[in-house]
Amino acid sequence: MKDCILNYTLEELKNEVKPSFRAKQIYNWVYVKQVDTFDQMKNLPKDLKESLNERFSLNPLKIANKELSSDGTIKYLFELEDGKTVETVWLLMKKEEKDLEGNITKEAKYTVCVSTQVGCKVGCSFCLTAKGGFTRDLSAGEIVAQILSVKKDNNHPFNRALNIVYMGMGEPLDNLDNLTQAIKVFKEDDGLSIGGKRQTVSTSGLSSKIDKLGELDLGVHIAISLHAVDDELRNELIPMNKAFNIQSIIDAVKRYPIDTRKRVMFEYLVIKGKNDDIASAKKLVKLLHGIKAKVNLIYFNPYPGTPYDRPSKRSMLEFQEYLVKHGLLCTIRDSKGIDISAACGQLKEKELEKELEKA
Ligand code: SAH
Ligand code: SF4
């Protein structure tokens, strides 16, 4: 398999192609003009185009499936060069605004949820991705290609801002080297120029890697998938908690370099009868004391065969009310794309079902 050009920061590409000013031109073709082949890079000499063709691939992804939701969410299933598949979700966060004459006064806002691995090693008991086990890490280029592909597919101009959340399939901190490389490529001024502040890494809580990410000082936000307030339940939901318990995560968050105006997001997946009681809310308030935190409550999204249930709206609202009363910022994640199956791993699952039907 050829090396993907999307793996390279501009500085690294300068070491690969000579003379080095060509690297900037290539970057422009790839990220600004977003061409599909090296042959389209008109200002490059023929022999350079030939050697690029021999050495590199340009886009390692093919759209294998695409589902549109009525709320503007688009869920992509991408096929990688080895035939494996991952999901990427294009989320419309805010619709565009127009004046009376129909001129756009405010651009629409988008967030893209990207995958970092095929499958996942963490094995959370509530997660569909975990059911398929772990296959492999994505390369930096495969992570970058997800953003490039969805931008292209939605005619989203190269220089228009969007937010990235590493919340698709996989545990981003379990693929730290490729994740940080992708973050750097996204940040390139001559490329997509998506700053650290626009990138959020969601983790199930590998405390030691939270520290490493912090040391790299890339300016990215972190979101912690906490889901439980005592280690007993968290061990059941996220087996890795036995190695990195709740306190170790809280300590790592306190060490993480955070923009003082920002808050650390704690995601709390609410499961009926497991963690939706007020006693848990009370413990959560205590646990997050002293951290500039924001809690995002997530409805558990059931799928066939799961032992867990979706909580009632009432218990969600009561949980939220308790947190807010006690000084925590708390939102409830609206289930974007619910009509096309919301939680990660579910589009892929549908494809599998279809394949099984065909067989
Ligand atoms: N591995 C990382 C990021 C990917 S998981 C992490 O765990 O944070 C992305 C999100 O999907 C997590 O917040 C997880 O809690 C959520 N999720 C997984 N299964 C879900 C389900 N069945 N219903 C609702 N959310 C789910
Ligand atoms: Fe992996 Fe996140 Fe799913 Fe847990 S919730 S199995 S860490 S993808």
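Rules and cut-offs
- Within each chain, residues carry numbers counting from 1 in the order of the written sequence.
- Following the order in which they are written, the chains are lettered starting with A and the ligands numbered starting with 1.
- Where totals are concerned, whole chains, interfaces and linings use all residues; where local detail is concerned, this predicted model gives features only for residues with pLDDT of at least 70, and gives and counts side-chain atom pairs only at 80 or more.
- Side-chain figures throughout are based on the complete set of non-hydrogen atoms in the structure, without hydrogens or water.
- Only DSSP runs of H or I with at least four residues qualify as helices, and only runs of E with at least two residues qualify as strands; both kinds are numbered from the N terminus onward.
- Atoms counted for the radius of gyration: C-alpha only. Globule rule: 2.2 Å times residue count to the power 0.38.
- A simple rule labels every residue: compare its accessible area, found with a 1.4 Å probe on the protein chains alone, to the largest value its type can have, and call it buried under 20%, exposed over 50%, or partly exposed in between.
- Residue burial considers only the protein chains on display, and all accessible areas are found by Shrake-Rupley using a 1.4 Å probe.
- Under the counting rule used here, the positive set is Lys and Arg, the negative set is Asp and Glu, and His together with the chain ends is not counted.
- Lys charges are placed at NZ, Arg charges at CZ, Asp charges at CG and Glu charges at CD.
- The pairing criterion for strands is at least two bridges between them, as found by DSSP.
- To obtain an axis, a line is fitted to C-alpha atoms, over the contacting stretch when the element is a helix, and the angle between two such axes runs from 0 to 180 degrees between their N-to-C directions.
- Expected span of a helix, by definition, is 1.5 Å for each gap between consecutive residues, and there is one gap fewer than residues.
- To be near a molecule or strand, a residue needs just one of its heavy atoms within 4 Å of it.
- Throughout this entry, Asp, Glu, Lys and Arg are counted as charged residues, while Ala, Val, Leu, Ile, Met, Phe, Trp, Tyr, Cys and Pro are counted as nonpolar. The remaining residues, Gly among them, count as polar.
- Domain limits in this description derive from either an automatic procedure or a database domain assignment.
- Any two residues whose heavy atoms approach within 4.5 Å are treated as being in contact.
- Buried area is calculated as the accessible area (1.4 Å probe) missing from two parts once they are joined, with the contributions of both summed.
- Salt bridge, as used here: a side-chain nitrogen of Lys or Arg that lies within 4 Å of a carboxyl oxygen of Asp or Glu.
- Here the arc refers to the set of directions running from the helix axis out to each C-beta atom.
- Two N or O atoms count as a polar contact when they lie within 3.5 Å, although within protein this holds only if one can serve as hydrogen donor and the other as acceptor, and sequence-adjacent residues are included solely when both atoms are side-chain atoms.
- Here, the term nonpolar core denotes a set of buried Ala, Val, Leu, Ile, Met, Phe, Trp, Tyr and Cys residues that are joined through side-chain atoms within 4.5 Å.
- Each patch is built from salt-bridge-free residues with over 30% relative accessible area, joining like charges within 9 Å and nonpolar side chains (Val, Leu, Ile, Met, Phe, Trp, Tyr) within 5 Å.

A.B. asks: Describe the overall build of the chain, naming the residues involved and giving the relevant values.
C.D. replies: When you go through the chain residue by residue, the secondary structure sums to twelve helices and 16 strands. Computed over the C-alpha atoms, the radius of gyration of the chain is 21 Å, within 12% of the 21 Å expected from 2.2 N^0.38 for a compact globule of 359 residues. Dimensions of the chain, computed from C-alpha atoms along their principal axes, come out at roughly 70 × 55 × 50 Å. Expressed as a percentage of the 359 residues in the chain, the buried residues total 52%. Accessible area of the chain: about 17,200 Å², with a carbon and sulfur share of 50%. For the chain, the separation between the mean place of its 55 positive charges and that of its 51 negative charges on side chains is 4 Å.

A.B. asks: Please provide a residue-by-residue account of the sheet that holds strand β11 (residues 163-166), values included.
C.D. replies: Within the open sheet, the ten strands sit side by side as β3-β4-β5-β8-β11-β12-β13-β14-β15-β16. Their pairing is mixed. Looking at which strands have only one partner, the edges of the open sheet turn out to be β3 (62-68) and β16 (329-332). Geometrically, the sheet is characterised by an average inter-axis angle of 20 degrees between neighbouring strands, direction not taken into account. Of the pairings in the sheet, the one linking strand β13 (residues 221-225) to strand β14 (residues 264-270) comprises three bridges and is parallel in character. Looking at the pairing, Ala223 lines up with Met265 of β14.

A.B. asks: With reference to specific residues and values, describe helix α5 (residues 140-153).
C.D. replies: Between its first and last C-alpha atoms α5 spans 20 Å; for 14 residues at 1.5 Å apiece the expected length is 20 Å, and the two agree. For α5, the tally of buried residues reaches twelve of 14 residues, placing the bulk of the element in the interior. All buried positions along α5 are accounted for by Ala140, Gly141, Glu142, Ile143, Val144, Ala145, Gln146, Ile147, Leu148, Ser149, Val150 and Lys151. Residue Asn155 follows α5 closely and has a positive phi angle near 50 degrees.

A.B. asks: Explain the pairing of β3 to me, and be specific about the residues and the numbers.
C.D. replies: Direction of pairing for β3 relative to strand β4 (residues 74-79): antiparallel, over a ladder of six bridges. Across the sheet, the residue bridging to Glu67 is Lys75, located in β4. Connecting β3 to the antiparallel partner β4 that follows it, the hairpin turn spans five residues, and Gly72 within it adopts a positive phi of roughly 95 degrees.

A.B. asks: An account of the site of ligand 2 is needed here, citing residue identities and associated values.
C.D. replies: Around ligand 2 lies a shell formed by Cys120, Val122, Gly123, Cys124, Phe126, Cys127, Ala130, Gly170, Glu171 and Ser204. Grouping the amino acids of the shell around ligand 2 by side-chain chemistry returns six nonpolar, three polar and one charged.

A.B. asks: Just give me the short version of the domain arrangement of the chain, but keep the residues and values in it.
C.D. replies: Domain assignment breaks the chain into domain 1 (1-58) and domain 2 (62-358). Each of domain 1 and domain 2 was reduced to a C-alpha centroid, and the two centroids are 32 Å apart. On the side of domain 2, 18 residues touch domain 1, which itself brings 18 residues to the contact. Per-residue buried area on domain 1 facing domain 2 is highest for Leu6, Tyr31 and Gln34; these three make up 37% of the total on that side. Applying the counting criterion to the domain 1 and domain 2 interface returns two salt bridges.

A.B. asks: An account of helix α3 (residues 46-55) is requested, with residue identities and associated values reported.
C.D. replies: Each α-helix turn comprises 3.6 residues. Residues three or four places apart therefore point the same way. Restricting attention to buried positions, one finds in α3 the residues Leu48, Lys49 and Leu52. Considered in projection along α3, the buried side chains sweep an arc of 100 degrees and stay on one side of the axis. Turned more than 90 degrees from where α3 packs its buried face, Lys46, Asp47 and Glu54 sit exposed. Against the buried residues of α3 lie α2 (21-32) and β2 (56-57).

A.B. asks: For the site of ligand 1, give the residues involved together with the corresponding values.
C.D. replies: Among the 21 residues in the neighbourhood of ligand 1, the closest are listed as Gly170, Ser202, Ser225, His227 and Asn301. Within the side chain of Ser225, a nitrogen or oxygen atom sits 2.6 Å from an oxygen atom of ligand 1. Interatomic distance of 3.3 Å between a side-chain N/O atom of Glu267 and an oxygen atom of ligand 1. Among the elements of the structure, β12 (199-203), β14 and β15 (293-299) are those that each provide at least two residues to the shell around ligand 1.

A.B. asks: Account for the nonpolar core, naming residues and giving values.
C.D. replies: When a protein is soluble and globular, its nonpolar side chains tend to lie buried together. Of all hydrophobic cores here, the largest spans 109 residues; its most connected members are Ile5, Phe186, Phe266 and Leu323. The dominant element in this core, judged by the number of residues it contributes, is α5, at seven residues. Each of domain 1 (1-58) and domain 2 (62-358) gives at least three residues to this core. With near-sequence residues (within four places) excluded, Phe266 lies in contact with Ile224, Leu226, Ile250, Val253, Leu288, Ile291, Ala293, Lys294, Val295 and Asn296.

A.B. asks: Can you tell me about a positive patch on the surface, naming the residues and giving the values?
C.D. replies: A surface patch of like charges, here positive, comprises Lys197, Lys262, Arg263, Lys292 and Lys294. Considering the arrangement of structural elements, one finds Lys292 in the loop between α10 (278-287) and β15. Looking at Lys292, the relative accessible area reads 41%, which means it is partly exposed.

A.B. asks: Describe the pattern of salt bridges, with residues and values.
C.D. replies: Within this structure, the stated rule accounts for 18 salt bridges. With a shortest N-O distance of 2.6 Å, Glu16 and Arg55 are connected by a salt bridge. Of the two residues, Glu16 is situated in helix α1 (residues 10-16) and Arg55 in helix α3; the sequence distance between them amounts to 39 residues. The partly exposed category is assigned to Arg55, whose relative accessible area is 37%.

A.B. asks: Tell me about the side chain of Glu142, residues and numbers included.
C.D. replies: By the element assignment, Glu142 lies in helix α5. Relative accessible area serves as the criterion here: at 7%, Glu142 is assigned to the buried category. Within polar-contact distance, the side chain of Glu142 engages the backbone nitrogen of Ser139 at 2.9 Å. In this structure Glu142 touches Pro60, Leu61, Leu80, Arg136 and Asp137, once residues within four positions along its chain are discounted.

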